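# Working through the structure, step by step
The residues making up each chain are set out below.
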Amino acid sequence: MTDDVNGWVESADAWIASIGEHGDWTRRTFLDAVMLDRATAIGGHFLDIGCGEGRFVRMLQDRGLTGSGIDPVPNLIETAQKRDPKGDYAIGIGEKLAFDDGSFDLTIAYLSLIDIEDYRTAIAEMERVTKPGGSVLITNLTSFFTAGRWHRSLTGAAKNFQMDGYSQERATREKWAGIDILNWHRPLSAYMDAFLSLGLQLVHFSEPTPPDQNDPKSDRYTRVPGFLVMEWQKPI
């Protein structure tokens, strides 16, 4: 797979430099803790879809879980394998998983659904490779967040969040730290329908926020809901 994937092939080196070994601010400050708690409670054999450079796979392995990571970007998979030579990493896409039905106790999309254009097919594939009684664990940007932008007031003294086109599914270009990619906005109802139509059962829903409200970076993710975590269980 050599074609660029929504800008990720060209942005891979910048992503690796930006995410580092411990993750960006949101991951290391509050998202990792929620995801690790849910994943270790489920346990078993996992698949991380859109694993990038493999950071979360390594974190799960450090906590006794076994599993695999896939990503469509060759440089990210090469980096994951270099950092974890004994780990199981492969180039792959969420829309066509190269695994048998019911292969995993836990299937994870940690901020990767927003990168997948055909999200319904990807969610159906996640359900397919998950064992009955297993779980699909998601962290995603909230649909409120992806439908809007922060803007400074006319005086420049304060920031306001403006949201528009919430119901319209669309791609948006995101640029930061040398990264230039496409993310996909969908209303929350679109995601919910994709999961519910497969018969999955929602057993956890939360909107994590930074623990230290005095940290100036926290404001961005508390005034507007930035992230959601969902665990969907596959009935036995």
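An account of the accompanying structure is given in this report. (Residues numbered from 1 in each chain as written. Predicted model: local features only at pLDDT ≥ 70, side-chain atom pairs only at ≥ 80, totals over all residues. Heavy atoms only, no water.)

Let's shift gears to the overall build of the chain. In terms of regular secondary structure, the chain is built from eight helices and eleven strands. Taking 2.2 N^0.38 as the reference for a compact globule, 236 residues should give roughly 18 Å; the C-alpha atoms of the chain span a radius of gyration of 17 Å, in line with that estimate. A principal-axis box enclosing the C-alpha atoms of the chain has dimensions of 55 × 40 × 35 Å. Counting every position in the chain, which comprises 236 residues, the buried fraction comes to 50%. (Helix = DSSP H or I, 4+ residues; strand = E, 2+ residues; numbered from the N terminus. Rg over C-alpha atoms; globule rule 2.2 N^0.38 Å. Buried < 20%, exposed > 50% of the residue type's maximum accessible area, 1.4 Å probe, protein only.)

Further remarks concern the packing of aromatic side chains. Counting across every chain of the model gives 14 aromatic pairs. The interplanar angle of 85 degrees and the centroid separation of 5.3 Å between the aromatic rings of Trp 8 and Trp 15 together place this pair among those described as edge-to-face. For Trp 8, a relative accessible area of 11% puts it in the buried group. Judged by its relative accessible area of 10%, Trp 15 falls in the buried class. Between the NZ or CZ atom of Arg 27 and the centre of the ring of Tyr 110, over which it lies, the distance is 5.6 Å. (Phe/Tyr/Trp six-rings, centres within 6.5 Å; stacked < 30°, edge-to-face > 60°. Lys NZ or Arg CZ within 6 Å of the ring centre and 35° of its normal.)

With that settled, the discussion passes to the side chain of Thr 142. Inspection of the secondary structure puts Thr 142 in the loop between strand S5 (130–141) and helix H6 (143–146). Accessibility expressed as a relative area gives 1% for Thr 142, which makes it buried. From its side chain, Thr 142 meets the backbone oxygen of Pro 225 in a polar contact 2.5 Å long. Not counting the four nearest positions on each side in its chain, Thr 142 is found in contact with Pro 225, Gly 226, Phe 227 and Leu 228. (Polar contact = N/O pair within 3.5 Å; in protein donor to acceptor, adjacent residues only side chain to side chain. Contact = heavy atoms within 4.5 Å.)

Here we come to unusual backbone geometry. One non-glycine residue, Leu 111, lies in positive phi territory at about 60 degrees. Counting through the fold element by element, Leu 111 comes out in the loop between strand S4 (104–110) and helix H5 (119–129). Look at Ala 177: it is not a glycine, yet its phi comes out positive at around 50 degrees. Tracing the backbone shows Ala 177 in the loop between strand S8 (170–176) and strand S9 (179–185).

A word on the packing of H5 against helix H7 (residues 188–196). Axis angle and axis distance: for two packed helices, these are the angle between their axes and the distance between the axes, and together they describe the pair. Orientation of H5 relative to H7, taken along the N-to-C sense of each, is 35 degrees, at an axis distance of 9 Å. For the crossing formed where H5 meets H7, the hand is right-handed. Residue-level inspection shows Tyr 119, Arg 120 and Ile 123 of H5 in contact with H7, the latter providing Ala 190, Tyr 191, Asp 193, Ala 194 and Phe 195. Broken down by class, the residue content of the contact of H5 with H7 amounts to six nonpolar, no polar and two charged. (Axes fitted to C-alpha atoms, helices over the stretch in contact; angles between N-to-C directions. Left-handed = near helix turned anticlockwise from the far one by under 90°. Nonpolar A, V, L, I, M, F, W, Y, C, P; charged D, E, K, R; others polar.)

The subject of this paragraph is the pattern of salt bridges. Applying the stated rule across the entire model yields 13 salt bridges. In this structure, the salt-bridge partner of Arg 120 is Asp 193, at a minimum N-O distance of 3.0 Å. Placement of the pair is Arg 120 in helix H5 and Asp 193 in helix H7, with a sequence separation of 73 residues. Residue classification places Arg 120 among the partly exposed positions, given a relative accessible area of 37%. For Asp 219, the salt bridge goes to Arg 223, with nearest N and O atoms at 3.6 Å. (Salt bridge = Lys/Arg side-chain N within 4 Å of Asp/Glu carboxyl O.)

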